[in-house]
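Residue strings, one per chain:
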Amino acid sequence: MGKAKKRSLHLGIRDRFSKLSRSEAIEQVVDMLKKNDSDVYGLVTLFGITAEELLEAGASYEAVKGLGGLLS
């Protein structure tokens with residue numbers, strides 16, 4: 001994790017996580033999508049997660065499609 005991401009996480013943007021790897025972030029996003037949590041946008045943009053990664057991790061197609069143009 002780079003300095004900027006560590007600093008952002010430390011400043012409270014993501015109070016729930018102290019250190020977060022990319023694979024852990026993908027798992028968190030999938031869990032958030034299953035719960036219909038709106039905070040998913042922050043993690044997706046912070047890590048640049050793609051739709052393919054979310055689908056491979058177990059997210060439903062409808063949930064990923066609902067994110068619209070946020071995903072590449």
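What you see is a predicted model, and the numbers here were worked out from it, not measured in a lab.

**Observations concerning the pattern of salt bridges**
Logical step 1: Using the criterion set out here, one finds one salt bridge in the structure.
Logical step 2: Arg-22 is paired through a salt bridge with Glu-53; the nearest N and O atoms lie 2.9 Å apart. You can see Arg-22 sitting in helix α2 (residues 22-34) and its partner Glu-53 sitting in helix α4 (residues 51-57), a full 31 residues away along the chain.
Logical step 3: A relative accessible area of 23% places Glu-53 in the partly exposed class.

**Looking at helix α3 (residues 40-47)**
Logical step 1: Within the sequence span of α3, burial applies to Val-40, Leu-43, Val-44 and Phe-47. Projection of α3 onto a plane perpendicular to its axis shows the buried side chains occupying an angular sector of 100°, all on one side.
Logical step 2: Just downstream of α3, Gly-48 is the residue with a positive phi angle, here 65°.

**A few points about the nonpolar core**
Logical step 1: Among the nonpolar cores identified, the biggest contains 18 residues, and Val-29, Leu-33, Val-40, Ile-49, Leu-54 and Leu-71 are the most heavily contacted of them.
Logical step 2: For this core, the elements supplying multiple residues, two or more each, are α2, α3 and α4.
Logical step 3: When residues in this core are grouped by element, the largest group, six residues, is from α2.
Logical step 4: Here Val-40 is in contact with Val-29, Met-32, Leu-33 and Leu-67, once residues within four sequence places are set aside.

Cut-offs and rules
Note on numbering: residues in each chain are counted from 1, in written sequence order. A pLDDT threshold of at least 70 governs which residues receive local features in this predicted model, and a stricter bar of 80 or more applies before side-chain atom pairs are shown or counted, although totals over entire chains, interfaces and linings include all residues. Computation of side-chain values covers all heavy atoms of the structure but excludes hydrogens and water. Salt bridge, as applied in this entry: a Lys or Arg side-chain nitrogen positioned within 4 Å of an Asp or Glu carboxyl oxygen. The helix count covers DSSP runs of H or I at least four residues long, the strand count covers runs of E at least two residues long, and both are numbered beginning at the N terminus. Each residue's exposure class comes from its accessible area (1.4 Å probe, protein chains only) as a fraction of the maximum for that residue type: buried when under 20%, exposed when over 50%, partly exposed otherwise. Here the arc refers to the set of directions running from the helix axis out to each C-beta atom. Put simply, buried Ala, Val, Leu, Ile, Met, Phe, Trp, Tyr and Cys residues joined by side-chain atoms within 4.5 Å make one nonpolar core. Contacts between residues were defined by any pair of non-hydrogen atoms, one from each residue, lying within 4.5 Å.

In short, geometric facts, not functional conclusions.
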